[in-house]
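Single-letter residue listing:
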Amino acid sequence: MSWVAVCAGLMAAALGCCSGSAAYAQQPVGDTASKARAPDGRYIAWREHIIDERADDGQPLSGGDGLAMADLDLDGQQDIVSVHESDVRYDGAPDGFVRIAFRTGDPDRWVNVTLASGTEAGAPEDVSLGDLNGDGYPDVLVAAELAHLIYFENPGKGARTQPWRRLIVPGTKGRGSFIRVFMADYDGDGRLEASAANKVEQNPTPKTPSGPISVFKVVGPPLEGASWREVELGTYGVPQNAMPVDIDADGDIDIVGGARVGPRLIIFRNERGRFTPIEMQSEGGKPGGFNLAFHDFNADGRLDIVAEHSRRRLGWYAQPQTLGGVWHFNPIGAFEPDFITGIALADIDGDGDMDAISGGYSDMPRDRDGDLPVTAAMGRLTWFENPGVATGKWLQHDISRRRRGMFDAFVARDIDGDGDMDFVGTRGNSEPYDGVYWLEQVRSTVPLPAFTRGRPSDSAEFPLP
């Protein structure tokens with residue numbers, strides 16, 4: 001028997017491959033020695049640390065989606081608010097968890113509490129943090145797919161132990177399926193408003209009726225229902241984003257909306273608190289709008305947009321001289337055969353330019369490792385190294401590729417304070433391995449395996465096809 005055949009057989013056994021899966025001689029992605037290097041020549045690898053994976057009642061968190069970070073109790077440390085929709089399949093049951101991980105002085109010890117669960121959580125998909133009532137403490141606003149916006153008022157110094165008062169925003173309860181929510185001062189009055197996308201159904205199809213992208217203005221105490229006023233900016237086929245950004249650099253906050261049907265991006269230009277919709281015209285690809293990031297890659301003074309297209313490609317769209325002009329697509333990297341979900345930008349290697357990290361969405365059963373081939377979509381983590389001239393060829397560094405996982409959201413932070421960039425993220429689609437984690441960037445003088453997992457057992461790691 002040849003050495004290649006022996007290796008293939010050993011790999012198949014190690015991965016638990018069976019009749020539906022081929023045997024592969026390549027190493028699993030996470031076990032492959034990292035080739036990424038920092039400017040000082042050290043190699044870059046990643047170590048996973050688990051922050052939160054089990055709710056107070058002992059039930060494992062599942063369906064990890066959005067997360068956000070802020071210092072909730074003003075103790076000088078950034079805390080994490082995460083949402084978990086709790087579905088291993090879309091059953092229409094309005095349950096889930098909103099969780100807070102309060103940071104301690106140890107990056108591997110967090111105080112985890114449940115902010116909401118069950119019906120009021122209602123399959124939560126996204127979360128935004130901001131001081132909505134003006135008391136100096138960040139409040140929490142959650143978008144639930146089943147189906148409302150819910151506001152949680154920070155009690156202040158007792159945020160870890162005292163109850164958070166809450167309000168389901170009137171006019172949103174039982175109305176569609178809210179998937180994204182953000183807070184920003186859109187009208188320049190010094191108070192935050194909210195923007196949100198409502199995709200109408202938890203599991204929509206192209207025939208689903210159009211849903212709104214809206215701004216919610218708060219004119220009084222946020223815990224009083226009469227204080228909330230909704231202004232619809234437009235209706236679209238499966239809207240899925242409403243991100244605040246000063247896209248035209250005129251000093252006020254615009255909104256970039258995404259819609260799945262198309263797919264399409266809509267830029268809502270802010271003109272003294274009134275929004276004018278502008279359809280984004282793109283060349284070289286159709287941008288998906290579920291997750292977006294912004295940076296001026298070509299140094300022309302205009303923000304460009306990072307997005308996926310065709311679900312498996314990542315790139316940046318160069319902003320033209322006018323917002324209504326043609327945005328040209330510049331490739332960053334490919335994700336085949338996996339689906340892109342999460343996107344974040346950071347200077348990962350410390351060379352002074354902006355790199356990108358992305359997470360993949362598996363096409364497996366959400367509660368077990370299915371017997372699908374290596375060519376099926378799997379849960380994946382990858383970062384892309386900026387070549388210095390962003391129109392050039394980016395270097396792709398795969399971190400991990402597991403049978404199951406949806407890596408939906410990332411926040412770039414130096415969690416361990418060692419001077420390099422780490423990431424906090426959520427994981428879904430892989431019960432009981434879902435939850436909140438942080439990826440430690442590890443630098444070494446010799447190559448290390450690209451990924452070291454944080455759990456003693458996990459969904460099987462696989463090679464690329």
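Look up a bit, the structure's there.
Residues numbered from 1 in each chain as written. Predicted model: local features only at pLDDT ≥ 70, side-chain atom pairs only at ≥ 80, totals over all residues. Heavy atoms only, no water.

Focus: the environment of Ala147
Then step 1. With respect to the helices and strands, the residue Ala147 is situated in the loop between strand E7 (139–144) and strand E8 (148–153).
Then step 2. Once you skip the residues sitting within four places of it in the chain, Ala147 turns out to touch Gly122, Thr172, Lys173, Gly174, Arg175, Gly176, Ser177 and Phe178. (Helix = DSSP H or I, 4+ residues; strand = E, 2+ residues; numbered from the N terminus. Contact = heavy atoms within 4.5 Å.)

Observations concerning the packing of aromatic side chains
Then step 1. In the structure shown here, the tally under the stated rule is nine aromatic pairs.
Then step 2. Measuring from centroid to centroid gives 6.1 Å for Phe407 and Tyr437, while their planes differ by 90°, and the two rings are edge-to-face. Note that Phe407 is positioned in the loop between strand E26 (395–402) and strand E27 (410–413) and Tyr437 in strand E29 (residues 435–444), a separation of 30 residues in sequence.
Then step 3. The class for Phe407 is buried, based on a relative accessible area of 1%.
Then step 4. Geometry around Phe339 places Arg311 over its ring, the cationic atom sitting 4.0 Å from the centre. (Phe/Tyr/Trp six-rings, centres within 6.5 Å; stacked < 30°, edge-to-face > 60°. Buried < 20%, exposed > 50% of the residue type's maximum accessible area, 1.4 Å probe, protein only. Lys NZ or Arg CZ within 6 Å of the ring centre and 35° of its normal.)

Details of the sheet that holds strand E17 (residues 274–279)
Then step 1. Taken together, four strands build an open sheet; the order of strands is E14-E15-E16-E17 and the sheet is antiparallel. In this open sheet, the two edge strands, each paired with only one partner strand, are strand E14 (239–245) and E17. Direction aside, the axes of adjacent strands within the sheet are offset by 25° on average.
Then step 2. Here E14 runs beside strand E15 (residues 254–259); their pairing, made up of six bridges, is antiparallel. Counterpart to Pro244 in the pairing with E15 is Ile255. (Pairing = 2+ DSSP bridges. Axes fitted to C-alpha atoms, helices over the stretch in contact; angles between N-to-C directions.)

A look at the sheet that holds strand E24 (residues 355–361)
Then step 1. Across the sheet, four strands lie side by side as E23-E24-E25-E26; this open sheet has antiparallel pairing. For this open sheet the edge positions go to strand E23 (339–346) and E26, each flanked by a neighbour on one side alone. Taking the axes of each pair of neighbouring strands and ignoring which way they run, one obtains an average angle of 15° across the sheet.
Then step 2. Of the strand pairs in this sheet, E24 and strand E25 (residues 379–385) are connected by four bridges, and their pairing is antiparallel. Bridge pairing in E25 places Ser358 opposite Thr382.

Things to note about the side chain of Asn154
Then step 1. Here Asn154 lies in the loop between E8 and strand E9 (165–168).
Then step 2. A relative accessible area of 3% means that Asn154 is categorised as buried.
Then step 3. One polar contact links the side chain of Asn154 to the main-chain carbonyl oxygen of Leu72, over a distance of 2.8 Å.
Then step 4. A polar contact of 2.8 Å, which involves the side chain of Asn154, links it to the backbone nitrogen of Gly156.
Then step 5. For Asn154, the contacting residues outside a window of four places in its chain are Leu72, Asp135, Tyr137, Pro138, Asp139, Ala159 and Trp164. (Polar contact = N/O pair within 3.5 Å; in protein donor to acceptor, adjacent residues only side chain to side chain.)

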